[in-house]
Amino acid sequence: MKVVISGYYGFDNIGDEAILKSIIMALKEEDESIEITVLSSNPQNTQENYGVKSINRWNLKKIYRELKKSDGLISGGGSLLQDVTSSRSILYYTFIMGLANKLSKPVVIYAQGVGPINKNANKKLVKYFLNKVQYISLRDEDSLELIKSIGVNKNIDLVPDPVMGLDFKSINKDSNEDYIIVSVRDWKEKNSYLKSIAKFCNDISKKGINIKLLPMHGNRDNLIAKELASMIEHEVDILSYEMNLENKLIYIKEAKLMIAMRLHALIFAGNVGTPMIGISYDPKIDSYLKLVNQPCIGSVVEGIDSKKLTEKTLYILKNHKSIKEDLKIHTTPLKLTAKLTASKVIKTFKIYKEKGEHDE
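Residues numbered from 1 in each chain as written. Predicted model: local features only at pLDDT ≥ 70, side-chain atom pairs only at ≥ 80, totals over all residues. Heavy atoms only, no water.

1. A short note on the packing of aromatic side chains
Then step 1. Scanning the model with the defined rule gives five aromatic pairs in all.
Then step 2. When the centroid spacing of 4.2 Å and the interplanar angle of 5° are considered together, the rings of Tyr8 and Phe11 count as stacked.
Then step 3. The class for Tyr8 is partly exposed, based on a relative accessible area of 25%.
Then step 4. A residue is classified by how much of its surface remains accessible, and Phe11, at 26% relative accessible area, is partly exposed.
Then step 5. Between Tyr128 and Phe129, the ring centres sit 5.0 Å apart and the planes meet at 90°, which makes this aromatic pair edge-to-face.
Then step 6. Three or more aromatic residues joined by ring pairs form one cluster here, namely Trp58, Tyr92 and Tyr93.
Then step 7. Its guanidinium or amino end placed over the ring of Tyr92, Arg57 lies 4.2 Å from that ring's centre, counting from NZ or CZ.
Then step 8. Directly above the ring of Tyr281 sits Arg185, whose terminal nitrogen or CZ lies 4.6 Å from the centroid. (Phe/Tyr/Trp six-rings, centres within 6.5 Å; stacked < 30°, edge-to-face > 60°. Buried < 20%, exposed > 50% of the residue type's maximum accessible area, 1.4 Å probe, protein only. Lys NZ or Arg CZ within 6 Å of the ring centre and 35° of its normal.)

2. Here we look at the sheet that holds strand β6 (residues 135-138)
In sheet architecture, strand pairing relies on hydrogen bonds along the backbone and comes in two forms, parallel and antiparallel.
Then step 1. Pairing is parallel across the open sheet formed by seven strands, whose spatial order is β3-β2-β1-β4-β5-β6-β7. Every interior strand has two partners, whereas the edge strands, β3 (53-56) and β7 (156-158), have only one. Mean inter-strand twist for the sheet, computed between neighbouring axes without regard to direction, equals 20°.
Then step 2. Pairing of strand β1 (residues 2-6) with strand β2 (residues 35-40) involves five bridges; the strand directions are parallel. If you follow Lys2 over to β2, its bridge partner there is Glu35.
Then step 3. The strands that helix α2 (residues 43-50) touches are β2 and β3; relative to β3, the one it contacts most, it runs at about 165°. (Pairing = 2+ DSSP bridges. Helix = DSSP H or I, 4+ residues; strand = E, 2+ residues; numbered from the N terminus. Axes fitted to C-alpha atoms, helices over the stretch in contact; angles between N-to-C directions. Contact = heavy atoms within 4.5 Å.)

3. Focus on the pairing of strand β13 (residues 296-299)
Then step 1. Where strand β12 (residues 276-280) meets β13, two bridges bridge the pair, whose relative direction is parallel. Following the sheet pairing, Gly278 is matched in β13 by Cys296.
Then step 2. With helix α11 (residues 283-292) bridging β12 and the parallel β13, this β-α-β connection has right-handed handedness. (Right-handed = clockwise from strand over helix to strand, strands pointing away.)

4. Remarks on the side chain of Asn222
Then step 1. For Asn222, the location among the structural elements is in helix α8 (residues 218-230).
Then step 2. If we ignore the near neighbours within four places in the chain, the residues touching Asn222 are Pro215, Ile238 and Tyr241.

5. Focus: the sheet that holds strand β9 (residues 211-213)
Then step 1. Strand order in the open sheet made by the six strands is β10-β9-β8-β11-β12-β13, with parallel pairing throughout. Sheet topology places β10 (237-238) and β13 at the edges, where each strand pairs with a single neighbour.
Then step 2. Sheet topology note: the β9/β10 ladder contains two bridges and is parallel. Counterpart to Leu213 in the pairing with β10 is Ile238.
Then step 3. The sheet contacts of α11 involve β12 and β13, and relative to β12 the element is tilted by about 155°.

If you want it as structure tokens, here you go:
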């Protein structure tokens, strides 16, 4: 079987790269002989890192030829269908679906988070293409409610984020240092939320708690981490944004607490059993935190109460053992079922292929 995977890959975003790794591993566990081609912004890196074929996501001639040879398209993971930043994301990913449709290839939506979608034209576009796909799996209730509200009338599976299926048992602690991790991203209301987080860092540092800043999206997050560090009166470590996934996970697993804005910083924490506090900029953050019964303190839009963030941090550190146990109760089912999505995807492609051969 040959499949093409389309997603936000090759952009140095550790969360999306973890999604890709998760999908590839799950597919290969289901079918060892599967041939995978990934559409990437950095095909050479993708090939070297994951041992799969990769082509440039903007080379439409190559994409067309690869889809023509394939058994189907996986539109894979992450928040691909949203127009918060711009409409380009929706236009690109639905265009790739359209190419697959033109070639009569099945399309599956793999554990995506959809939305927000604000423009009516984009809602119509997403409705049109999702009603033509062969299988849809989504990672949260909000995404499900959104696509039903715009008129998608397919059967839909709610599934865990693929990253919950990654096995990190081999990642062991190698130090006894106590610290918390703070991971931030850039946002248009930067001045307001960074000041609140900096005040929290100053207050918590006075209580003898060490802080490490962890950039999740390459140098983009590294720059905002440096800006935050310059606002903190006490010394803080900025972990290297160039660290690979495994090394970042070691730091997350060793931490007493993860305070983060990016979804996959929180998902990594859930996977390795580290309690977390989310700072929301998107409904997907709130949805995941509800799923694993972990708190959200404010948002970049509504504001962050640094006092509440400090209080919640101290509460978690004081009740660390029981909170870790509760987190495990909520994440264990997600970890056990995350890989089942790959089985359904491959089954969908096989049924479609057999049906096509039968029709001929």
